[in-house]
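Read off the chains here:
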Amino acid sequence: MVSGERQGMREEQSPVALSFLLGITTQPECEGGNVKDHMDEGTESDNRKGVVILFTGDGKGKTTAALGCALRAAGRGMKTLIIQFMKDRGASGEHLLSSPLSTLIEVHPFGAGFLRPGDDPGPHRKVVREAWEKMKGLLRDDRFDLLVLDELAYVLHAGLLPEKTVIGFLEGRGASPHVIITGRSAPQSLIDRADIVTEMREVKHPYRRGLPPIPGIDY
Ligand code: ATP
Ligand code: MG
C-alpha cells in the first residue's frame with residue numbers, strides 16, 4: 001500500500017484546490033484565510049474511507065474509464081487490482097499488459113460466457129463466487145490502493161451475488177482501497193452507497209449497424 005503517495009498529493013492537485021478551481025466550497029470560509037490555509041487545516045480526508053465510484057449505464061466507456069483511473073494511479077506508484085466478473089481470460093487488451101504496467105495493474109478475468117435470459121444461472125453464480133473469494137484473498141495483505149470490480153453492477157442486477165455481500169464489503173474496509181465498480185443496470189443500493197456515480201448513456205454505437213468490435217478500442 002502506498003497511502004503516503006495518496007496523502008502526499010501535490011498541493012495544487014489536492015481535492016480542496018480542485019474544488020476551489022471548480023468554484024465548489026467544501027469548507028467554511030476563514031476570515032483572512034486563503035486556499036492554502038484551508039489545505040493545511042485538513043487532516044479529515046486523510047482518515048476517510050477510500051472512495052467508491054460507480055460507472056453504470058448502457059453507453060460505452062465504463063470499463064475503459066476504470067482502466068483510465070488505474071493508469072492514473074499507476075503514475076503515482078499506486079497498485080490496482082482488477083477483478084473482472086464476466087470476461088474470459090485473453091478476451092480483452094488489458095489482459096495482455098506486460099511489465100512494468102502489469103506489476104502495477106493486476107488483472108484477474110473470470111467468466112462463464114454470456115448470460116442470456118433463460119440460461120441456468122448456476123455456473124455463472126459459481127464463477128462469480130470464485131472471483132469474489134479470489135478478490136478477498138488478494139486484498140488480505142493490503143497491497144492494493146485501487147480495486148476495480150468490473151461488471152459487478154450487472155452481476156448484482158442478475159442476482160448472481162447478494163447485494164448485502166457487496167455493501168457489507170464496502171462498509172467493512174478502511175481507507176484503502178478505493179473501489180471502482182462498473183456495469184449496466186446498477187441496483188439502487190449500490191447507487192446509494194457510492195460516492196461518485198456516472199451514467200454512460202449511449203448516443204450512438206457502431207454495433208447498432210452490425211459492425212464488429214474493434215481491437216484495442218472495444219476489447
Ligand atoms: P468499454 O469496455 O469499451 O469501456 P463498457 O464497459 O462501457 O465498454 P460493456 O457493456 O462492458 O461496456 O461492453 C463491453 C464492450 O462491448 C464495449 O466496448 C462495447 O463497445 C461493446 N458492446 C456493448 N454492447 C454491445 C452489443 N450489444 N453488441 C456488441 N458490442 C457491444
Ligand atoms: Mg465493461
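Residues numbered from 1 in each chain as written. Chains lettered and ligands numbered in written order. Predicted model: local features only at pLDDT ≥ 70, side-chain atom pairs only at ≥ 80, totals over all residues. Heavy atoms only, no water.

**Student:** Please provide a residue-by-residue account of the layout of surface pockets, values included.
**Tutor:** Empty space within the second largest pocket amounts to approximately 1300 Å³. If you go around the second largest pocket, you meet 35 residues; those closest to its centre are Lys87, Phe114, Glu151, Arg184 and Asp218. If one sorts the elements of the lining of the second largest pocket by residue count, helix α4 (residues 62-75) sits on top with four residues. When grouped by side-chain class, the residues that make up the lining of the second largest pocket number 14 nonpolar, nine polar and 12 charged. (1 Å grid on protein atoms, 1.4 Å probe; cavity = no way out; pocket = protein on both sides within 12 Å on 5 of 7 lines; lining within 4 Å. Points joined across faces, edges and corners; volume = space filled by probe spheres on them. Helix = DSSP H or I, 4+ residues; strand = E, 2+ residues; numbered from the N terminus. Nonpolar A, V, L, I, M, F, W, Y, C, P; charged D, E, K, R; others polar.)

**Student:** Got a sec to walk through the site of ligand 1? Specific residues and values, please.
**Tutor:** Taken together, Gly59, Lys60, Gly61, Lys62, Thr63, Thr64, Glu151, Arg184, His205, Tyr207, Ile217 and Asp218 form the complete shell of residues around ligand 1. Measuring from an oxygen atom of ligand 1, one finds a side-chain N or O atom of Thr64 at 2.7 Å. At 2.6 Å from an oxygen atom of ligand 1 is found a side-chain nitrogen or oxygen belonging to His205. Contact with the protein chains removes 74% of the 590 Å² of surface that ligand 1 exposes when unbound. (Near = heavy atom within 4 Å. Polar contact = N/O pair within 3.5 Å; in protein donor to acceptor, adjacent residues only side chain to side chain. Areas by Shrake-Rupley, 256 points an atom, 1.4 Å probe, with all protein chains shown as cover.)

**Student:** So what's going on with the sheet that holds strand β4 (residues 146-150)? Which residues, and what values?
**Tutor:** On the basis of which strands lie adjacent, the open sheet formed by six strands has the order β3-β2-β4-β5-β1-β6 and parallel pairing. Looking at strand neighbours, the two that pair on one side only are β3 (105-109) and β6 (196-199), the edges of this open sheet. Across the sheet, the mean angle separating the axes of adjacent strands is 15° when strand polarity is ignored. Sheet analysis places β4 next to strand β5 (residues 178-182), joined by four bridges and oriented parallel. Each residue of the ladder has a partner; that of Val148, found in β5, is Ile180. (Pairing = 2+ DSSP bridges. Axes fitted to C-alpha atoms, helices over the stretch in contact; angles between N-to-C directions.)

**Student:** Give me the environment of Pro215: which residues, what numbers.
**Tutor:** Mapped onto the elements of the fold, Pro215 is located in the segment after β6. Residues Pro215 and Gly93, spaced 122 residues apart in sequence, show a C-alpha to C-alpha distance of 7.6 Å.

**Student:** Lay out unusual backbone geometry in plain terms, naming residues and giving numbers.
**Tutor:** Backbone torsion omega between Ser99 and Pro100 reads 5°, so that peptide bond is classified as cis. Mapping Pro100 onto the fold places it in the loop between β2 (80-84) and α5 (101-104). A positive phi angle, close to 60°, is found at Asp142, a residue other than glycine. With respect to the helices and strands, the residue Asp142 is situated in the loop between α6 (122-139) and β4. Assessed through its relative accessible area of 45%, Asp142 is described here as partly exposed. (Buried < 20%, exposed > 50% of the residue type's maximum accessible area, 1.4 Å probe, protein only.)

**Student:** Break down the nonpolar core for me, citing the residues and quoting the values.
**Tutor:** Across soluble globular proteins, nonpolar side chains have a tendency to be buried as a group. Grouped together as the largest cluster of nonpolar side chains are 32 residues, with contacts concentrated most on Leu149 and Leu152. Mapped onto this core, the elements with two or more residues apiece are β1 (52-56), β2, α6, β4, α7 (152-157), α8 (163-172) and β5. Residue contributions to this core peak at seven residues, all from α6. Aside from chain neighbours lying at most four places away, what touches Leu152 is Phe85, Trp132, Leu161, Val166, Ile181 and Thr182. Counting 14 residues, the second-largest nonpolar core is a separate cluster that includes Met78, Ile82, Val107 and Met200. (Core = buried A, V, L, I, M, F, W, Y, C linked by side-chain atoms within 4.5 Å. Contact = heavy atoms within 4.5 Å.)

**Student:** Mind laying out the packing of aromatic side chains, listing which residues take part and the relevant values?
**Tutor:** The geometry of two aromatic rings is summed up by the distance between their centres and the angle between their planes. Using the criterion set out here, one finds one aromatic pair in the structure. Each ring, one from Trp132 and one from Phe169, has its centre 5.4 Å from the other, and the planes form 75°; the classification is edge-to-face. Linking Trp132 in helix α6 with Phe169 in helix α8, this pair joins segments that are 37 residues apart in sequence. Pair check on accessibility: Trp132 and Phe169 agree, each one buried. (Phe/Tyr/Trp six-rings, centres within 6.5 Å; stacked < 30°, edge-to-face > 60°.)

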